[in-house]
Amino acid sequence: MSAKTVDKIATGVIILFAGIIVLIMVGLLGFILVRGLGHISFDFLTSPPETIREGGGIGPQLFNSLFLLVLTLIITVPLGLGAGIYMSQYAKPGRVTDSIRLIVEVLSSFPSIVVGLFGLLVFVNTFGFGFSLFSGALALTVFNLPLMVRITEQGLASVPLAQKEASLALGLSKWKTIRSVMLPIALPVILTGTILAAGRVFGEAAALLFTAGMSSPRLDFTDWNPFSPMSPLNPFRPAETLAVHIWKVNSEGLAPDAPEIAAGASAVLILTVLLFNLLARFVGRQLQKKFTASR
Amino acid sequence: MARSNDSRRVKQHIIEEWIGKILTSLCIVLLVVTIFSMVYFVATKGLSSFFKNGVSLAEMLGGTSWKPEGEPPMFGALPFIFGSFATSMLAALISAPLSICGALFMVEIMPKLGKKVLQPAIELLAGIPSVVYGFVGLSVIVPFYRNIFPGQGLGILAGASVLSVMILPTMTSIATDALRALPSGLKEGSYALGATRWQTLSRTVIPTTLPALMTGVVLGMARAFGEALAVQMVIGNAPHIPNSLFQSTSTLTSVITLSMGNTVMGTIQNNVLWTLALILLLMTFVFVFVVRWLERRAIR
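Once a new chain begins, its residue numbering starts again from 1 and follows that chain's sequence as written. In the order they appear in the text, chains get letters beginning with A and ligands get numbers beginning with 1. Local features are withheld for residues below a pLDDT of 70 in this predicted model, meaning they are given only at 70 or higher, and side-chain atom pairs are given and counted only at 80 or more; totals for whole chains, interfaces and linings count all residues.

**Q** Help me understand the overall build of chain B in this model?
**A** Each helix is a run of DSSP H or I of at least 4 residues and each strand a run of E of at least 2, with the numbering of both proceeding from the N terminus. Looking only at helices and strands, one finds 11 helices and 2 strands in chain B. Overall size of chain B, expressed as C-alpha extent along the three principal axes, is 85 × 70 × 35 Å. When the 300 residues of chain B are sorted by exposure, 45% land in the buried category. For chain B, restricting intrachain contacts to residue pairs at least 6 apart in sequence, the fraction spanning at least 24 positions comes to 72%. The burial label depends on the number of other C-beta atoms within 10 Å of a residue's C-beta. Counts of 20 or more mean buried, 12 or fewer mean exposed, and intermediate counts mean partly exposed, with C-beta atoms placed from the backbone. We call two residues in contact when their backbone-placed C-beta atoms lie within 7 Å.

Okay, structure coming up:
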């Protein structure tokens, strides 16, 4: 066979495989949306789930997922920013910094189920937070912190050196320079990364099975006192999130319409993650426009 | 007057400097403490089944029957270890050619179309939560295998199929980065000698970027190894080594997921699950070191 024929065949195979990837994506998304969208209604999104009868909704689960996301971000963002700033600005090159980098890398590749088990042992049992939103948020923080550190480092690395040096030359302290000059410039990158990380938190389930729990108490949506046990805002109550609910319905669901509920909930989950992705792109572009003169 | 003002300003400057240093150092210390306590807690819990409950290491790693409630209880974890390795390796085998071809398509063949169609598709796949993959696997892939092959459809191949799609984005994005970083002089030299595109790719581009491509494959495998829920949903969860790809089996993660909630803390049945978690943890270290080793080779 001539070299040209081989070249044509190889190119064809590569294009074919690339096409397969696109087909997988289209098929996956199409399947979930076609199966799930029909089941989504206002009633489905707001009513509580049923254990044996059909017609259950995902109201509390959806609320729990959103609330847990907010709690997680409140803890993760400051910690991740601080650690990221240290790594990119204060850490001196050397053995210590290298080993910290290795540790962050190891932490980021731990399986999420192991992070969940650690949460069960430490947050749920040793610290006594029990199966609660708070334990879940802490576990998700452990799980997400390395990503947040990397995002911050990337953001700060995108700041032009001249801007930093100009600020230092004006006599501002390093900390002041980081806070008032570098962070605003790094904001588009950091914010975009954080929103994408939020999408990951929203869909995480394995780390939550043994920390936030697999059940939700009957919530009273008229009681907004964060200290009463029935209140949706109480961070020390167990909370089943949307992703955990999908898993539970599939593996031990008794309701006759379990497949439909799983499909509907999956569609909601996918749409939310899509929304996060679009939001990240939009926010990033808007901020870029605002802080730089480019369009 | 002016001097005292100056010295106050200098003081404020120094205080500010220290605030920044201390705050950020605290964050990093917390991170380091977290990871060490994680390893410490899982290791003490996991080792206690050997030291406190007297399970033998040989039985744990080599035994093939898992009957924690039996009389006498048996703790042979080999089926789970085998299941984890089999599913993640098979997933990497399915996914590697797809992802490398995807990356070649995006960088070498049709960069414009790649950026417009393939890149968003892969970013989307990366964002889909693992339980959704499990759900689709359970309602599409398992029935599909059940119809054309003997058996229930649950098993290693179903698990590997689901995992291969999950790890596709990781592998593709690393392969893409590696191909983009290749100096264009190498390729141009090959074309100038009259080589076709495939000759250039197969004899210059792929051999040069091979360590980086392998990094992607290993990272994908590591992710597949640690994935819990999606695998648990499609693997069948029978505690034995299967005879075929379509027979129900288990992985380390699936058995932890299923049994952890049903056992009491501190009992032998619970401690052995922590030992399985410890094995997962140790495998993570192995994967990280393989990746580091490959990265060092890629730089040279």
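**Q** Explain the overall build of chain A here, please?
**A** In terms of helices and strands, chain A carries 10 helices and 0 strands. The order of α-helices and β-strands along chain A, N terminus first, is α-α-α-α-α-α-α-α-α-α. For chain A, the C-alpha atoms occupy an extent of roughly 70 × 70 × 40 Å along the three principal directions.

**Q** I keep staring at the domain arrangement of chain B and nothing clicks. Help me out?
**A** Where interface size is quoted, it is often the accessible area lost as the parts come together. All names here are of chain B. On domain assignment, one finds that chain B holds domain 1 (2-52) and domain 2 (74-299). Just so you know, the domain bounds were taken from an automatic or database domain assignment. Between the C-alpha centres of domain 1 and domain 2 there is a distance of 35 Å. At the interface, 7 residues of domain 1 touch 8 residues of domain 2. Lys, Arg, Asp and Glu make up the charged group, whereas Ala, Val, Leu, Ile, Met, Phe, Trp, Tyr, Cys and Pro make up the nonpolar group; the residues left over, Gly among them, are polar. Split by residue class, the side of domain 1 that touches domain 2 holds 3 nonpolar, 3 polar and 1 charged.

**Q** Even after reading the chapter, I still don't get the interface of chain A and chain B, so can you show me in this structure?
**A** Residue-level contacts link 67 residues of chain A with 70 residues of chain B. Elements represented by at least two residues in the side of chain A that touches chain B include exactly helix H1 (3-37), helix H3 (59-90), helix H4 (95-108), helix H5 (112-126), helix H6 (133-157), helix H8 (174-203), helix H9 (242-252) and helix H10 (258-291) of chain A. Ranked by residues supplied to the side of chain A that touches chain B, first place goes to H1(A) with 18 residues. A class-by-class count of the residues in the side of chain A that touches chain B yields 50 nonpolar, 12 polar and 5 charged.

**Q** Is there a simple way to explain the nonpolar core in this structure?
**A** When a protein is soluble and globular, its nonpolar side chains tend to lie buried together. Core analysis: the biggest nonpolar cluster contains 167 residues, and Val114(A), Val234(B), Leu276(B) and Ala277(B) have the highest contact counts within it. Take this core: its biggest share by element is 15 residues, from helix H6 (residues 156-180) of chain B. A domain-level breakdown of this core finds at least three residues from each of domain 1 (2-52) and domain 2 (74-299) of chain B. Setting aside residues no more than four positions away along its own chain, Val114(A) makes contact with Val42(B), Ala277(B), Leu280(B) and Leu281(B). Take the buried Ala, Val, Leu, Ile, Met, Phe, Trp, Tyr and Cys residues, join any whose C-beta atoms are within 7 Å, and the set you get is a nonpolar core.

**Q** How should I be thinking about the packing of H3(A) against H8(A) in this particular structure?
**A** A packed helix pair is summarised by two numbers, namely the angle formed by the two axes and the spacing between the axes. Residues and elements named next belong to chain A. Angular values range over 0 to 180 degrees, each being the angle between N-to-C directions of two axes fitted as lines to C-alpha atoms, with helices fitted over their stretch in contact. Contact pair H3 / H8: the axes reach a minimum separation of 10 Å and the direction vectors enclose 140°. The orientation of H3 relative to H8 falls into the category oblique. Where H3 crosses over H8, the handedness of that crossing is right-handed. Contacts between H3 and H8 involve Ser65, Leu69, Thr72, Leu73, Val77, Ile85 and Gln89 from the former and Ile178, Thr194, Ala198, Val201 and Phe202 from the latter. Across the contact of H3 with H8, the residue classes tally to 8 nonpolar, 4 polar and no charged. By definition in this entry, angles of less than 35 degrees are roughly parallel, angles greater than 145 are roughly antiparallel, angles of 65 to 115 are roughly perpendicular, and the rest are oblique. Should the near helix be turned anticlockwise from the far one by less than a right angle, the crossing is termed left-handed; should it be turned clockwise, right-handed.

**Q** Help me out: how do you make sense of the packing of H9(A) against helix H5 (residues 130-148) of chain B in this one?
**A** As a packed pair, H9(A) and H5(B) sit with axes 9 Å apart at the nearest point and diverge in direction by 25°. Here H5(B) runs roughly parallel to H9(A), going by the angle between their axes. Here the hand of the crossing between H9(A) and H5(B) comes out left-handed. Contacts from Ala243(A), Ile246(A), Trp247(A) and Asn250(A) of H9(A) reach H5(B) at Val131(B), Gly134(B), Phe135(B) and Leu138(B).

**Q** Sorry if this is basic, but what is going on with the confidence of the model for chain B here?
**A** Residues and elements named next belong to chain B. The pLDDT value tells you how sure the predictor is about a given residue, anywhere from 0 up to 100. Here chain B shows a mean pLDDT of 86. Residues at 70 or above account for 98%. Ranking the elements of chain B by mean pLDDT puts helix H2 (residues 57-62) last, at 79, and helix H3 (residues 78-109) first, at 91. Two summary scores accompany this predicted model of the complex, namely pTM at 0.87 and ipTM at 0.86.

**Q** Looking at this structure, I do not really get the environment of Asn271(B). What am I missing?
**A** One can find Asn271(B) in helix H11 (residues 268-299). Distance from Asn271(B) to Val286(B), taken between C-alpha atoms, is 23 Å for residues 15 residues apart in sequence.

**Q** I'm lost on H8(A) in this one. Help?
**A** It helps to recall that an α-helix has 3.6 residues per turn; residues three or four apart then point in one direction. By this rule, a helix spans an expected 1.5 Å times one less than how many residues it contains. Here H8(A) is 30 residues long, yet its end C-alpha atoms lie only 38 Å apart, well below the 44 Å a rise of 1.5 Å per residue gives. Note on bend: the value at a residue is the angle between axes fitted to the seven residues ending there and to the seven starting there. Of all the bends in H8(A), the greatest reaches close to 55° and is centred on Leu187(A); the proline Pro188(A) follows between one and four positions later.

**Q** Teacher, can you tell me more about the UniProt feature "transmembrane region" (unreviewed entry) in chain A here?
**A** Residues and elements named next belong to chain A. UniProt positions are given in the numbering used here, feature names are shortened, and annotations may be inferred rather than shown by experiment. Taken from the UniProt record, the annotation "transmembrane region" (unreviewed entry) applies to residues 12-34, 66-88, 100-123, 129-149, 181-202 and 261-280. Annotated as residues 12-34, this span is 100% helix and 0% strand, and its ends, taken at the C-alpha atoms, are 31 Å apart. In residues 261-280, the share of helix is 100% and the share of strand is 0%. The end C-alpha atoms are 29 Å apart.

**Q** Would you mind showing me how to read unusual backbone geometry here?
**A** Peptide bonds are trans in most cases, and residues, glycine excluded, mostly fall at negative phi. We note that Asn237(B) has phi near 70°; this positive angle belongs to a residue other than glycine. Tracing the backbone through its elements, the reader meets Asn237(B) in the loop between helix H9 (229-235) and helix H10 (252-259).

**Q** Would you mind going over the environment of Glu165(A) with me for this structure?
**A** Structurally, Glu165(A) is set in helix H7 (residues 161-169). Sequence separation of Glu165(A) and Pro188(A) is 23 residues, and the distance between their C-alpha atoms is 21 Å.

**Q** I would appreciate a short explanation of H6(A) in the present structure.
**A** Residue and element names in this part refer to chain A. End to end, H6 covers 34 Å across 25 residues, agreeing with the expected 36 Å (1.5 Å per residue, within 8%). The largest bend along H6 measures about 45° and falls at Asn144, with the proline Pro146 one to four residues further on. With 22 of 25 residues buried, H6 is to be regarded as a mostly interior element.

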